[in-house]
Amino acid sequence: YKRQNVTYPGGKRFARYTGVVHITRPRLNAAIKAFLPGCMILFVVALNSSIPRKHATARAGVAGSSLVALVLFHSNLISAVPSTGQLTLADSFMAIGYILISLAFAVCLLLLRLAEAGAGDAADELHYAAQLAQWYCTPLSVAAVAVADLGGALAVLLTVLAAVAGWRYVALRRAESALLS
């Protein structure tokens, strides 16, 4: 605490004490409250990629419900903190979640379109590539945002790189199986 003698208009002098109180929340509690529900939603979306491609409508329903759940959780999280006008760590995490779930939803719609067109081989390749990419992207993006605190732009870059690596792996595996056949 610091004591100051302050002179106010009219010549009156008063003593004023000023101090600072540091308020912190335990990091583990904050991480569990802010990130565990979002991680569970993203885990459900990653599990969603394991559903066979012939059930693409069910996959789309799970992806849409997960997107709604993440939006509602994010709005609840935002209402608990004062608005700062800056992108917080939780906002970066949720933005990555929105991207991952939107991509999963888009893959479901593409699988439906390919099934309607009768392109079973292309649908199988897309399903396999999306499954690998989902399992690569989810942990890498969560790690980039939550653990390293790298920020949203770098996490998006890591997510895209992981997706490219997953699709490259799928292409190499398909070429290998074609050579062995």
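Residues numbered from 1 in each chain as written. Predicted model: local features only at pLDDT ≥ 70, side-chain atom pairs only at ≥ 80, totals over all residues. Heavy atoms only, no water.

## Some thoughts on the overall build of the chain
When helices and strands are tallied, the chain shows 5 helices and 2 strands. Taken from N to C terminus, the helices and strands of the chain fall in the order β-β-α-α-α-α-α. Scored against the burial criterion, the 181 residues of the chain give a buried share of 29%. Partitioning the intrachain contacts of the chain with sequence separation of at least 6 by distance along the chain shows that 65% fall at a separation of at least 24. (Helix = DSSP H or I, 4+ residues; strand = E, 2+ residues; numbered from the N terminus. Buried < 20%, exposed > 50% of the residue type's maximum accessible area, 1.4 Å probe, protein only. Contact = heavy atoms within 4.5 Å.)

## So, the nonpolar core
Core analysis: the biggest nonpolar cluster contains 17 residues, and L42, L70, L77, F93, M94, L100 and I101 have the highest contact counts within it. Looking at this core, the elements that each hand over two or more residues are α1 (27–48), α2 (56–79), α3 (89–117) and α4 (120–147). If one sorts the elements of this core by residue count, α3 sits on top with 7 residues. If sequence neighbours within four positions are ignored, M94 has contacts with A34, L70, F73, H74 and L77. Of all hydrophobic cores here, the second largest spans 6 residues; its members include A56, V107, L111 and A130. (Core = buried A, V, L, I, M, F, W, Y, C linked by side-chain atoms within 4.5 Å.)

## Focus: α2
Helical geometry: 3.6 residues make up each α-helical turn, so side chains three or four residues apart lie on a common side. Taking 1.5 Å as the rise per residue, α2 with 24 residues should run 34 Å; its terminal C-alpha atoms sit 35 Å apart, in good agreement. Within α2, the full set of buried residues consists of A56, R59, A60, A63, S66, L70, F73, H74 and L77. (Expected span 1.5 Å × (residues − 1).)

## Overview of the environment of A115
Along the chain, A115 turns up in helix α3. Looking at A115, the relative accessible area reads 48%, which means it is partly exposed. Distance in space between the C-alpha atoms of A115 and A56 is 9.2 Å, their sequence separation being 59 residues.

## Considerations on the environment of G97
With respect to the element layout, G97 can be found in helix α3. Between the alpha carbons of G97 and V45 there is a distance of 9.7 Å; along the sequence they are 52 residues apart. Apart from the residues within four sequence positions on either side, G97 is in contact with L42 and L70.

## Considerations on the pairing of strand β1 (residues 2–7)
Sheet topology note: the β1/strand β2 (residues 13–18) ladder contains 6 bridges and is antiparallel. When the sheet's bridge partners are listed, K2 is paired in β2 with T18. In this structure, the hairpin formed by β1 and β2 is closed by a connection of 5 residues, where G10 is found at a positive phi of approximately 105°. (Pairing = 2+ DSSP bridges.)

## Digging into a nonpolar patch on the surface
On the surface, a nonpolar cluster with roughly 660 Å² of combined accessible area is contributed by L28, I32, L36, M40, F43, L47 and W135. Top element by residues in the nonpolar patch is α1. It accounts for 6 residues. Structurally, F43 is set in helix α1. Note on F43: relative accessible area 38%, which makes it partly exposed. (Patch = residues over 30% accessible without salt bridge, like charges linked within 9 Å, V, L, I, M, F, W, Y side chains within 5 Å. Areas by Shrake-Rupley, 256 points an atom, 1.4 Å probe, with all protein chains shown as cover. Salt bridge = Lys/Arg side-chain N within 4 Å of Asp/Glu carboxyl O.)

## Digging into the confidence of the model for the chain
Residue-level pLDDT values for the chain average 78, and 82% of them are 70 or greater. When mean pLDDT is compared element by element in the chain, α2 scores highest at 90, while helix α5 (residues 152–180) scores lowest at 66. (pLDDT = per-residue confidence, 0-100.)

## Notes on the packing of α2 against α3
Running from N to C, α2 and α3 point in directions that differ by 165°, and their axes come no closer than 9 Å. On the basis of the axis angle, α2 is roughly antiparallel to α3. For α2 against α3, the interelement crossing comes out left-handed. Here the contact of α2 with α3 is composed, by residue class, of 18 nonpolar, 6 polar and 2 charged. (Axes fitted to C-alpha atoms, helices over the stretch in contact; angles between N-to-C directions. Parallel < 35°, antiparallel > 145°, perpendicular 65-115°, else oblique. Left-handed = near helix turned anticlockwise from the far one by under 90°. Nonpolar A, V, L, I, M, F, W, Y, C, P; charged D, E, K, R; others polar.)

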